Amino acid sequence: MTGTKAVVVACDIVTPYGWGIDSCWNGLLSEKTAIKRFDRFPTESFLTQTAAVVPGLTYGQDESLIMGMLKPLLQKNISSIPEDAFLILATTTGEIDKLERHVLTGGTDAAGSRPDKLLKKILLLCRLNSPGIVISAACASSSIAVAQAAGMIISNERDCVIVVACDSVSEFVFAGFSSLMALDKDMAKPFDRDRNGLSLGEASGFLLLMSESRALRENRPVIGEIAGWGLTNDANHMTGPSRDGSGLAMAIRKALKSANVSEKNIGCFSAHGTGTIYNDSMEIKALRAVFGNHKVPVYSIKGGTGHTLGAAGLLEIIIAFESLNKKIVPPTVNLCNIDNEASGWVSSEPLTLDGSVTISTNSGFGGVNCAVVLKKW
Amino acid sequence: MIIIRGIGWIKPTEYGSILKKLQGNYNELKSLHSRLLQESVLRYPIKNFGRFDDSSKMTCCSIALALNDAGITYSNSTKNDIGVLGTNDNGCIKSNLSYFKDYVASGRIMARGNLFIYTLPSTPMAEAAIYFGFQGPLLYVKFQVNQIPSMLRFAGKMILREETSKMIAVEASEEKAVCFVLDKKNDASNMQTLFLEDILDITEKISDFDEMIEMLKRKVKM
């Protein structure tokens, strides 16, 4: 590597708690969930009638749910986004409501739902002057996108990269997860012994990364550093994680090595923590394999925000930086009865964070794993 | 320095590989699977191949051809630190339509999980990772320009950044596929290989798929 550091200089999100980072952070700290009954489309025939949706979005109109989130978010932040930033869009299904409308009403062109079409819209919205790319890797899409953005900067390929992440709660996705019996009937309860599935959520956000030298040259306020990452695959099953957590453990070890930090330096751990029985169990096994008896505080935000799919990684990295900078480990919302496996690792209450390095991980369909090491600046 | 250790390709009725100069014909994807098994390009049957979407079938078969071309073996009992990067023009829109139309036809009551899992652009790479035991990074990347050379550069940089030891880079649609095995140059190896820069030169100049495959074949004859 070159010695160049990749730092985050701007970010913003919209989540089911509302617009902005503060609303999400305060929502999580309030220990109240944003998951509730919703009426965006009929849900009577599905496993649950709850999800975490962004208030005020319109569904089934000309503008997609994604653009309903991204347009105000990016327009508000346009002054902080340089025209030469390289764009990476991270999503699993993008503007999938356009395809729904095509099938249901014959209107619109199904091809309009393709993520590369969305990429072009974001390029225009941000007035960026070079082509970008779309990265899609299931529920690790945006954490992998952030890792690749940092890689481009560290290897001196780029000095400014913007990662935009988004996914929405659509009938398309809701029906699919329901068919896989992956949804909790009530709401997601990560690391709880009574957990029984995930709750779907939606979010959009962006993270602007720069080389340290450019950030300093432009007097940018530095939020934190993307210090390392590890990407692996379980090579095991399409919809279920490797039961022993070995794939995720390997990703965490790779991330620690690439950031040149020891597991003893980690102050807290942002877990994927979906609330499904197998995911959460797998994660604790991976943590035990890497950290042994050194129990770091672990939290999941998905009991609050729901599982925001391709946006989850970016959202969780932003909250992890908030955690580092505020020196608070957020509580795991909806955690009532800690699973025996997770006892001593997770908490339903906020804790004081002791340390300046954290890890955020995501895992997804197809066995994909990503661990990103974040450092306080 | 990054080298290309093997290249596999599939057209609507033909398949082959570049370094070993393998070539054959097939009628439909099920028969391609059978042919590749008969020729030991596939070492054992791909479980559930029949329920894969066409993109996943093309991805897995083209990877098998490329690995065979590279002389890389695999088994269902071992896993390797190999990453897989996929790209194509249309993502998974055909599978998205297939899944959602089926759901609507059911009265919007019950979706089919077997169709839903193919509504991620990364699913074909995931099917390949499960079959071949790839434990490295897995991602789908859509490039706006120069798709194949951009994909090769992206995969090469992941190796140079030591994110993994080898990368499979595959462009696969329902009708055609080309797959490359990227590795770091090892001076001790006397395996036949191609330099990434030479392949970039060809793939940047020629966008027509058939013409590109012919040029890659000619490159080995030279």
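Residues numbered from 1 in each chain as written. Chains lettered and ligands numbered in written order. Predicted model: local features only at pLDDT ≥ 70, side-chain atom pairs only at ≥ 80, totals over all residues. Heavy atoms only, no water.

### As for the side chain of Thr164(B)
All names here are of chain B.
No. 1: Note on placement: Thr164 falls in the loop between α6 (147-160) and β6 (166-172).
No. 2: On the accessibility criterion, Thr164 (6% relative accessible area) is buried.
No. 3: At 3.5 Å, the side chain of Thr164 forms a polar contact with the backbone oxygen of Lys166. (Helix = DSSP H or I, 4+ residues; strand = E, 2+ residues; numbered from the N terminus. Buried < 20%, exposed > 50% of the residue type's maximum accessible area, 1.4 Å probe, protein only. Polar contact = N/O pair within 3.5 Å; in protein donor to acceptor, adjacent residues only side chain to side chain.)

### Notes on the nonpolar core
No. 1: In this structure, Ile226(A), Phe180(B) and Leu182(B) are the most contacted members of the largest nonpolar core, which totals 119 residues.
No. 2: Among the nonpolar cores identified, the runner-up in size contains 43 residues, and Tyr44(B), Cys60(B), Tyr140(B) and Val170(B) belong to it. (Core = buried A, V, L, I, M, F, W, Y, C linked by side-chain atoms within 4.5 Å.)

### So, the pairing of strand β4 (residues 82-87) of chain B
Working note: regular strand, side chains alternate between the two faces of the sheet.
Residues and elements named next belong to chain B.
No. 1: Burial within β4 is extensive, with 6 of its 6 residues counted as buried.
No. 2: With burial as the criterion, each face of β4 is covered, one bearing Ile82, Val84 and Gly86 and the other bearing Gly83, Leu85 and Thr87.
No. 3: Bridge analysis of β4 against β6 gives 6 bridges, and the strand direction is parallel. Bridging across to β6, Leu85 finds its partner in Ala169.
No. 4: Where β4 and strand β5 (residues 138-143) come together, 3 bridges link them in parallel fashion. (Pairing = 2+ DSSP bridges.)

### What to know about the environment of Arg217(A)
No. 1: Mapped onto the fold, Arg217(A) is located in helix α7 (residues 212-217).
No. 2: The spacing of Arg217(A) and Leu87(A) is 130 residues in sequence and 21 Å in space, taken between C-alpha atoms.

### Thoughts on the environment of Asp89(B)
No. 1: Its location among the elements puts Asp89(B) in the loop between β4 and α3 (93-105).
No. 2: Put simply, Asp89(B) and Ile46(B) are 43 residues apart on the chain and 25 Å apart in space, counted from C-alpha to C-alpha.
No. 3: Every residue in contact with Asp89(B), bar those within four places of it in the chain, is listed here: Arg114(A), Asp116(A), Lys142(B) and Gln147(B).
No. 4: A distance of 3.2 Å separates a polar atom in the side chain of Asp89(B) from a polar atom in the side chain of Gln147(B). (Contact = heavy atoms within 4.5 Å.)

### What to know about the confidence of the model for chain B
No. 1: Averaged over all residues, the pLDDT of chain B equals 95, while 98% of them reach at least 70.
No. 2: Among the prediction metrics, the complex's ipTM stands at 0.97, with pTM recorded as 0.97. (pLDDT = per-residue confidence, 0-100.)

### Let's talk about the pattern of salt bridges
No. 1: Scanning all chains against the criterion turns up 32 salt bridges over all chains.
No. 2: Residue Glu218(A) pairs with Arg220(A) through a salt bridge whose shortest N-O separation is 3.2 Å.
No. 3: Here Arg220(A) falls in the buried class, since its relative accessible area comes to 18%.
No. 4: Between Arg5(B) and Asp183(B) there is a salt bridge, with its nearest N and O atoms 2.8 Å apart. (Salt bridge = Lys/Arg side-chain N within 4 Å of Asp/Glu carboxyl O.)

### Looking at the interface of chain A and chain B
Interfaces are often described in size by the accessible area the parts lose on coming together.
No. 1: The interface is formed by 56 residues belonging to chain A together with 47 residues belonging to chain B.
No. 2: The junction of chain A with chain B conceals about 4,200 Å² of combined surface from both sides, 66% of it contributed by carbon and sulfur atoms.
No. 3: A per-residue breakdown of the area chain A buries against chain B is headed by Phe172(A), Ala235(A) and Met238(A), which together make up 15% of the total.
No. 4: Linking chain A with chain B are 3 salt bridges. (Buried area = accessible area lost by both parts, 1.4 Å probe.)

### Some points on unusual backbone geometry
No. 1: Backbone geometry places Asn334(A), a non-glycine residue, at a positive phi of 75 degrees.
No. 2: Its place among the elements puts Asn334(A) in the loop between β12 (328-329) and β13 (351-352).
No. 3: Since its relative accessible area comes to 18%, Asn334(A) is described here as buried.
No. 4: Residue Glu162(B) is not a glycine yet carries a positive backbone phi of 60 degrees.

### Let's talk about the environment of Arg158(A)
No. 1: Tracing the backbone shows Arg158(A) in the loop between α5 (141-154) and β7 (160-167).
No. 2: Aside from chain neighbours lying at most four places away, what touches Arg158(A) is Phe86(A), Met152(A) and Ile153(A).

### What about helix α1 (residues 21-29) of chain A?
Residues and elements named next belong to chain A.
No. 1: Those residues of α1 that fall on the buried side of the exposure criterion are Ile21, Cys24, Trp25, Gly27 and Leu28. Viewed along the axis of α1, the buried residues span an arc of 160 degrees, placing them on a single side of the element.
No. 2: For α1, the secondary structure elements touched by its buried residues are β1 (6-15), α10 (302-305), α11 (312-326) and β12.
No. 3: Remark: Glu31 follows α1 within two positions and exhibits a positive phi of approximately 65 degrees. (Arc of directions from axis to C-beta.)

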